[in-house]
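Given next are the chains, with one letter for each unit.
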Amino acid sequence: MARSFRRKSNQGNEAAGSHAVEPAMDPALAPAADDAPRRASRQKAEKSADRGIGAWLKEIATIIVIALVLSFLIKTFFFRAFFIPSGSMEETLEIDDRIFVNQLVPQPFDLQRGDIVVFEDTEGWLPPQEEVQLSWLQEALIFIGLSPDRSQQHLVKRVIGLPGDTVACCDAEGRLTVNGEPIVEPYLFPGANPSDVPFDVVVPEGSVWVMGDHRNASADSRANQDKSGEGFVDIDDVEGRAAVIAWPLDRIGFLDNHPDGVFDGVPEPAGS
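(A) Spotlight on the overall build of the chain. In terms of regular secondary structure, the chain is built from 3 helices and 12 strands. Classification of the 272 residues of the chain by burial places 34% in the buried group. Long-range pairs, those at least 24 residues apart, make up 72% of the contacts in the chain with a sequence separation of at least 6. Approximately 17,400 Å² of the chain is accessible, and the part contributed by carbon and sulfur atoms is 57%.

Dropping the structure here:
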């Protein structure tokens, strides 16, 4: 018996294939619906961070400028830095101490006996100084008052006699007298005498008589009586009263200019 065969149509296969379902896209590869808002939020945060850093740097710069201006004003009108180059004020002040002086003395506040003062050497008490070479940083620190100025000649001593005072040494007990009143000086260097050089002077108007605490090592008013100023210091040359030891760290502190009321019993000069 004859068989009949049906040939499979290629078109049928293609037709059947045309109904195949496309595979679904991987969700991980699909663009998220909220990408745009996230990007905008991230960009906003980055801009805010940039603005925050800029504002912080601006604030720091402002603080530095204000600090420098204040330092300059303080140096100009209130306090100024100096260093101690010799042992003439030992042990009150040591070699290489850094001090700040109060420039409100002698004006508007008056000098007092016992004040430790820094004054400009206009009378040539010191030998000529070699020119000092400074770096730009040192000059900047000097300009704003954070470093002592070594380019000018200055001295530091203690005021013993004010205008009109009679200062003499020594009485029968070896003490220094001011207006006839003997004083005991606890600030003297251990073992030092009030003076090994006798003197008897009357302080002229507008001047002071000054002496170092280490009397044996101090070329003070006594040693400069042969100069034009006769050993007296013009009050106009006084830069200020020493107030603070700022360096070294183990010596930081305020200076006691009038220990134990040394000059409390001194009478006013005759005729004042």
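(B) Representation of the environment of Gln 112. Mapped onto the secondary structure, Gln 112 falls in the loop between β2 (98-102) and β3 (116-120). Judged by its relative accessible area of 42%, Gln 112 is partly exposed. Every residue in contact with Gln 112, bar those within four places of it in the chain, is listed here: Val 159, Leu 162 and His 258.

(C) Up close: a nonpolar patch on the surface. A cluster of nonpolar residues, Ile 53, Trp 56, Leu 57, Ile 60, Ile 63 and Ile 64, forms a patch on the protein surface that exposes about 600 Å² of accessible area. Within the element layout of this structure, Ile 63 appears in helix α2 (residues 35-77).

(D) Up close: the state of the cysteines. All chains considered together, the criterion is met by 1 disulfide. Here Cys 169 pairs with Cys 170 through a disulfide, and the sulfurs are 1.9 Å apart. In this structure the cystine formed by Cys 169 and Cys 170 twists about its S-S bond by roughly 70 degrees; its chirality is therefore right-handed. Owing to a relative accessible area of 35%, Cys 170 belongs among the partly exposed residues under this scheme.

(E) Quick look at the side chain of Ser 88. Turning to its location among the elements, Ser 88 is positioned in the loop between β1 (79-83) and β2. Look at Ser 88 and you get buried, because its relative accessible area is 5%. A polar side-chain atom of Ser 88 sits 3.4 Å from a polar atom in the side chain of Ser 86. In this structure Ser 88 touches Val 156, Lys 157, Gly 212, Asp 213, His 214, Ala 217 and Ser 218, once residues within four positions along its chain are discounted.

(F) How the structure looks around the nonpolar core. Ranked by internal contacts, the top residues of the largest apolar core, which has 17 residues, are Ile 160, Val 167, Leu 176, Phe 199, Trp 209 and Phe 263. For this core, the secondary structure elements donating two or more residues are β5 (166-169), β6 (176-178), β8 (199-202) and β9 (207-211). In contact with Phe 199, not counting residues within four places along its chain, are Val 167, Ala 168, Cys 169, Leu 176, Trp 209, Met 211, Arg 222 and Gln 225.

(G) Highlighting the pattern of salt bridges. Per the counting criterion, the structure on display carries 10 salt bridges. Of the charged contacts in the structure, one is a salt bridge between Arg 215 and Glu 185, with a shortest N-O distance of 2.7 Å. On the criterion of sequence distance, the pair formed by Arg 215 in the loop between β9 and β10 (233-234) and Glu 185 in the loop between β7 (181-183) and β8 is long-range, its members being 30 residues apart. Of the two residues examined, Arg 215 and Glu 185, each falls in the buried class. What you see here is one network of salt bridges that share partners, running through Asp 171, Glu 173 and Arg 175.

(H) Just the side chain of Asp 213, in detail. Position of Asp 213 relative to the elements: it lies in the loop between β9 and β10. Of the polar contacts made by the side chain of Asp 213, one reaches the side chain of Thr 92; its length is 2.6 Å.

(I) Structural context of unusual backbone geometry. Omega for the peptide link from Val 105 to Pro 106 comes to 15 degrees, which places this bond in the cis form. As for its placement among the helices and strands, Pro 106 is situated in the loop between β2 and β3. Here the bond from Cys 169 into Cys 170 is cis, since omega is 5 degrees, no more than 30 degrees from zero. For Asn 179, which is not glycine, the phi dihedral falls at a positive 55 degrees. The residue Asn 179 is located in the loop between β6 and β7 in this model. We note that Glu 230 has phi near 55 degrees; this positive angle belongs to a residue other than glycine. With respect to the secondary-structure elements, Glu 230 resides in the loop between β9 and β10.

Rules and cut-offs
- Residues numbered from 1 in each chain as written.
- Predicted model: local features only at pLDDT ≥ 70, side-chain atom pairs only at ≥ 80, totals over all residues.
- Heavy atoms only, no water.
- Helix = DSSP H or I, 4+ residues; strand = E, 2+ residues; numbered from the N terminus.
- Buried < 20%, exposed > 50% of the residue type's maximum accessible area, 1.4 Å probe, protein only.
- Contact = heavy atoms within 4.5 Å.
- Areas by Shrake-Rupley, 256 points an atom, 1.4 Å probe, with all protein chains shown as cover.
- Patch = residues over 30% accessible without salt bridge, like charges linked within 9 Å, V, L, I, M, F, W, Y side chains within 5 Å.
- Salt bridge = Lys/Arg side-chain N within 4 Å of Asp/Glu carboxyl O.
- Disulfide = S-S within 2.5 Å.
- Polar contact = N/O pair within 3.5 Å; in protein donor to acceptor, adjacent residues only side chain to side chain.
- Core = buried A, V, L, I, M, F, W, Y, C linked by side-chain atoms within 4.5 Å.

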